[in-house]
Amino acid sequence: MPQFHLIAPSGYCINQEAAQRGVQRLLERGHQVENQTIIPRRMQRFAGTEAQRLSDINSLATLEGENNVVLAVRGGYGASRLLESIDWAGLAARQQQDPLLICGHSDFTAIQLGLLALHNVITFSGPMLAGNFGAPELDAFTEEHFWRALQNPTFTVEWQGNGPHWECEGQLWGGNLAMLVSLIGTPWLPKIEDGILVLEDINEHPFRVERMLLQLYHAGILDRQSAIVLGSFSGSAPNDYDAGYSLETMIDFIRSRLDVPVIAGLDFGHEQQTVTLPLGARARLTHDHSGSRLTISGHPVLKA
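The paragraphs below set out a description of the structure included in this document. Predicted, not measured: the structure shown is a model, and the values here were computed from it.

Analysis parameters
Residues numbered from 1 in each chain as written. Predicted model: local features only at pLDDT ≥ 70, side-chain atom pairs only at ≥ 80, totals over all residues. Heavy atoms only, no water. Helix = DSSP H or I, 4+ residues; strand = E, 2+ residues; numbered from the N terminus. Rg over C-alpha atoms; globule rule 2.2 N^0.38 Å. Buried < 20%, exposed > 50% of the residue type's maximum accessible area, 1.4 Å probe, protein only. Contact = heavy atoms within 4.5 Å. Areas by Shrake-Rupley, 256 points an atom, 1.4 Å probe, with all protein chains shown as cover. Lys, Arg positive; Asp, Glu negative; His and termini not counted. Charge placed at Lys NZ, Arg CZ, Asp CG, Glu CD. Core = buried A, V, L, I, M, F, W, Y, C linked by side-chain atoms within 4.5 Å. Pairing = 2+ DSSP bridges. Axes fitted to C-alpha atoms, helices over the stretch in contact; angles between N-to-C directions. Phe/Tyr/Trp six-rings, centres within 6.5 Å; stacked < 30°, edge-to-face > 60°. 1 Å grid on protein atoms, 1.4 Å probe; cavity = no way out; pocket = protein on both sides within 12 Å on 5 of 7 lines; lining within 4 Å. Points joined across faces, edges and corners; volume = space filled by probe spheres on them. Nonpolar A, V, L, I, M, F, W, Y, C, P; charged D, E, K, R; others polar.

Observations regarding the overall build of the protein chain
Reasoning step 1: A tally of helices and strands in the protein chain yields nine helices and 13 strands.
Reasoning step 2: Relative to the globule expectation of 19 Å for 304 residues, the C-alpha radius of gyration of the protein chain, 18 Å, shows essentially globular dimensions.
Reasoning step 3: Overall, the protein chain is about 50 × 40 × 40 Å in size when its C-alpha atoms are taken along their principal axes.
Reasoning step 4: When burial is assessed residue by residue, the protein chain has 58% of its 304 residues classed as buried.
Reasoning step 5: Pairs at least 24 residues apart make up 81% of the contacts formed inside the protein chain by residues separated by at least 6 positions.
Reasoning step 6: With an accessible surface of roughly 12500 Å², the protein chain has 48% of that area assigned to carbon and sulfur atoms.
Reasoning step 7: Here the protein chain carries 21 positive and 33 negative side-chain charges, and the mean point of each set is 4 Å from the other.

Quick notes on the nonpolar core
Reasoning step 1: Grouped together as the largest cluster of nonpolar side chains are 54 residues, with contacts concentrated most on Ile86, Ile111, Trp173, Leu177 and Leu199.
Reasoning step 2: Ala47, Val73, Ala227 and Leu277 belong to the second largest nonpolar core, which has 47 residues in total.

Here's the deal with the sheet that holds strand E4 (residues 101-104)
Consider a sheet: its strands pair through backbone hydrogen bonds, and that pairing is either parallel or antiparallel.
Reasoning step 1: Read from one edge to the other, the open sheet built from six strands follows the order E2-E1-E3-E4-E5-E11, with strand pairing classed as mixed. If you trace the sheet from one side to the other, it starts and ends with strand E2 (33-34) and strand E11 (277-279), each paired once.
Reasoning step 2: As paired elements, E4 and strand E5 (residues 123-125) share two bridges and run parallel to each other. What sits directly across from Gly104, in E5, is Ser125.
Reasoning step 3: Relative to E5, helix H4 (residues 109-119) is tilted by about 145°, and along the sheet it contacts E4, E5 and E11.

Quick look at the packing of aromatic side chains
Reasoning step 1: Overall, the coordinates contain six aromatic pairs when judged by the stated rule.
Reasoning step 2: On the basis of an interplanar angle of 25° and a centroid distance of 6.4 Å, the ring pair of Phe4 and Phe146 is categorised as stacked. One end of the pair, Phe4, is in strand E1 (residues 3-7); the other, Phe146, is in helix H6 (residues 140-151), and 142 residues separate them in sequence. Pair check on accessibility: Phe4 and Phe146 agree, each one buried.
Reasoning step 3: Measuring from centroid to centroid gives 4.9 Å for Phe146 and Trp147, while their planes differ by 75°, and the two rings are edge-to-face.
Reasoning step 4: Members of the aromatic cluster, joined through ring pairs, are Phe4, Phe133, Phe146 and Trp147.

Re the side chain of Glu143
Reasoning step 1: Structurally, the position occupied by Glu143 is in helix H6.
Reasoning step 2: For Glu143, the contacting residues outside a window of four places in its chain are Arg29 and Leu138.

A few points about the layout of surface pockets
Reasoning step 1: Taken as a whole, the largest pocket holds about 430 Å³ of empty space.
Reasoning step 2: In terms of lining, the largest pocket is formed by 25 residues, of which the most central are Arg74, Gly75, Ser106, Met128 and His270.
Reasoning step 3: Contributions of two or more residues to the lining of the largest pocket are made by helix H5 (129-133), helix H7 (177-182) and strand E8 (196-202).
Reasoning step 4: The biggest single contributor to the lining of the largest pocket is H5, with three residues.
Reasoning step 5: Tallied by class, the residues present in the lining of the largest pocket amount to nine nonpolar, eleven polar and five charged.
Reasoning step 6: Roughly 180 Å³ of volume is contained in the second largest pocket.
Reasoning step 7: The wall of the second largest pocket is formed by 16 residues, among which Gly231, Leu247, Ile251, Ala264 and Gly265 lie closest to the centre.
Reasoning step 8: Secondary-structure elements contributing two or more residues to the lining of the second largest pocket are strand E9 (227-234) and helix H9 (247-257).
Reasoning step 9: The element best represented in the lining of the second largest pocket is H9, accounting for five residues.
Reasoning step 10: A breakdown of the residues in the lining of the second largest pocket according to their chemical character gives six nonpolar, five polar and five charged.

Listed below in structure tokens is the structure:
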């Protein structure tokens, strides 16, 4: 039975009730949940002082045992402050034996991409304690896809996507769009060629999403990929001023600028219904008349 180890490297968990509900839910399913004392920790808008939040990450290098699932409490903001002080080499060395299965998304993307860029360490972009496991009702799709990713050396994610017919293989990477863009020009952005780049975000108007995608395009990052997969962009509804400009028309515009296919519609991101994706794993993408499929392998999994 896997045990969960909590980390809080980003924002203060304002919904304490949800976090405790998430803990209770995991306990009821027979899991141990370690490091619960970090849940109420607070310094200004952050989940504790810089030193406390940094310790959450660096102490993973010496976390003992196997079948440890490391779970971020929530996102928000704060991980970017820690990047230059993280013990990247220590974390990479820990992953050589009985790898920790490290899971989170949103602001946590910065640390996940740093691990991938510096040491090719695979982590899981997926649910977090408060927002997902602590939701009023845990989404069955999300829970099933979480364990699917953590238990199976090869697994498939299927959805009814939209975009051109396409088939390719490459390294799967990405996560939160704003966090990825914030790492351009730093050592913590992976330099991946011919990858499958999966992106999502929340509370960003379609023109802001477009601006970030164009930044990746102008930086030469999008054209170096084999495919772009778009997840959910929650809270991106247009307004009256947009006069027909929407997320869909924005995606059409981005497609017109790219030679790389853009496949949209994956349930991935800040919604209650989300898949779990191992960032850095190998993936095969197929999109045809029957739908879209990602077949993923090469990631660490729980031991039986």
